[in-house]
Amino acid sequence: MADIQKTLDEARLKAFARELIRTPSLSMEEEAISRIVESEMKSLGYDEVRVDDLFNVVGVIKGSGTGPTLLFNGHIDHAGVGSMKDPFSAEVIDGRDFGHDGPVIYGRGACDMKGAVAAMVHAGAMIKQAGVSLSGDILVTCVAREEMAKGEGIRRLLENGLTADFAVSGEATSLQVYVGHRGKFEAKVTTRGRTSHGGYPQGGVNAIFKMNAFFNALQSDYPLPNHDFLGKATVTALDINASPGALTPIVPDRCEAVIDRRFFPEESEESLLEGFRQLFAAVKEQDPEFEAEIEPLKWFPAMFTDPDEAIVQSMISARRRILGEPGEIGAWYFGVDGTFINQAGIPCVGLGPGNEYLAHTPRDVVPVRDLMDAARIYAALIEDVCR
């Protein structure tokens, strides 16, 4: 049996990552890239490879069935390219301008998260090449429609019976160990007023001014909790509009704003709504004319895996084995599909190549060294959990 860490084909992994980055794959346009992933898995000797109607790709390396099943998850769609220059070049360039030592691969989706997908696929290949006997199965899921922020791809797999004992999300962490992220709650706040002619504003109640009172209270009097691992909850305004509008000089009787509140697992939608209602009541105490209501718009669940969970400790151990130290436990500032995996009862830990703060930016790159180290860490994890 070969040494697992010596079986990584670095040139092939790098070439595969570049091929993925060269392939445009906006959400709902993943067929072409799914076929590339499917072909690579089959060529690398996966025992089973299947593609569903959403173009989710699932590769299976079978164990004896006597041990735990380990799930790796990444997504194959990417965000819009915006003003990014040559977004599908997959050029290998000097990383210093991007805050990295050594070469990086440039292109949309490099760090979010085609580099990690390539590393996961090749980590499975390392196990096959080494001839390791596994007690449990390895599942590598490369899913569609993640960037739509609804978890449509991974949820389809879970609803259709995908299950495992432990899971890994390869979203970018700079190869640190992550245990979750805050949730996202968006809501529409509406303040009410009374119309009057713009030349006689004292005859009405301006809903914009009432919204301003709410904003002031939101910034000064709205309490935000902290979490030991996930950081600080935040709240901000995303959009605002008023009606009837400025076509005629009329004091608006309606103002709407979209509010973004990042929350923790112990907070519910009802508890967040109640917090806003209490803030409305406090504003009304100061201004009896103040009238406001709130309507939920979007909900993306928070994710938290206890650092004492076996999969987190195994990932720390695997990282130490490859990089020489355990790194830091942290959290993403954005949401990942791992939250839906956790909700399905599968403890999920995060580790991936690249800097998460370069995701969705014109500086989207993944370091070549990170790519290789990620594959080796994933293989070490497989050896620890499923051998």
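Anything mentioned here points back to the structure above.
Residues numbered from 1 in each chain as written. Predicted model: local features only at pLDDT ≥ 70, side-chain atom pairs only at ≥ 80, totals over all residues. Heavy atoms only, no water.

What to know about the nonpolar core
- Ranked by internal contacts, the top residues of the largest apolar core, which has 65 residues, are Leu70, Phe72, Val121 and Tyr378.
- Setting aside residues no more than four positions away along its own chain, leucine 70 makes contact with Asp137, Ile138, Leu139, Phe166, Ala167, Val168, Ile311, Leu381, Ile382, Val385 and Cys386.
- Listed in part, the 29 residues of the second largest apolar core include Leu71, Val104, Leu139 and Trp332. (Core = buried A, V, L, I, M, F, W, Y, C linked by side-chain atoms within 4.5 Å. Buried < 20%, exposed > 50% of the residue type's maximum accessible area, 1.4 Å probe, protein only. Contact = heavy atoms within 4.5 Å.)

Thoughts on the pattern of salt bridges
- Enumeration over the complete set of coordinates arrives at 29 salt bridges.
- A salt bridge links glutamate 256 to arginine 254, with the nearest nitrogen and oxygen atoms 2.8 Å apart.
- A relative accessible area of 15% places glutamate 256 in the buried class.
- On the basis of relative accessible area, arginine 254 is assigned to the partly exposed category, the value being 25%.
- Within the structure, one salt-bridge network assembled from shared partners comprises Glu10, Arg369, Asp373 and Arg376. (Salt bridge = Lys/Arg side-chain N within 4 Å of Asp/Glu carboxyl O.)

Some points on the packing of aromatic side chains
- Scanning all chains against the criterion turns up twelve aromatic pairs.
- Geometrically, the ring pair formed by phenylalanine 185 and tryptophan 299 is edge-to-face, given 5.8 Å between the ring centres and 65 degrees between the ring planes. With phenylalanine 185 in strand E9 (residues 183–192) and tryptophan 299 in strand E14 (residues 292–300), this residue pair connects regions lying 114 residues apart in the sequence.
- Ring centres of tyrosine 333 and phenylalanine 334 lie 5.0 Å apart, and the angle between their planes is 70 degrees; on these two criteria the pair is classed as edge-to-face.
- Exposure remark for tyrosine 333: the relative accessible area of 32% places this residue in the partly exposed category.
- Feature note: the residues Phe214, Phe215, Phe280 and Phe290 constitute an aromatic cluster, connected by ring pairs. (Phe/Tyr/Trp six-rings, centres within 6.5 Å; stacked < 30°, edge-to-face > 60°. Helix = DSSP H or I, 4+ residues; strand = E, 2+ residues; numbered from the N terminus.)

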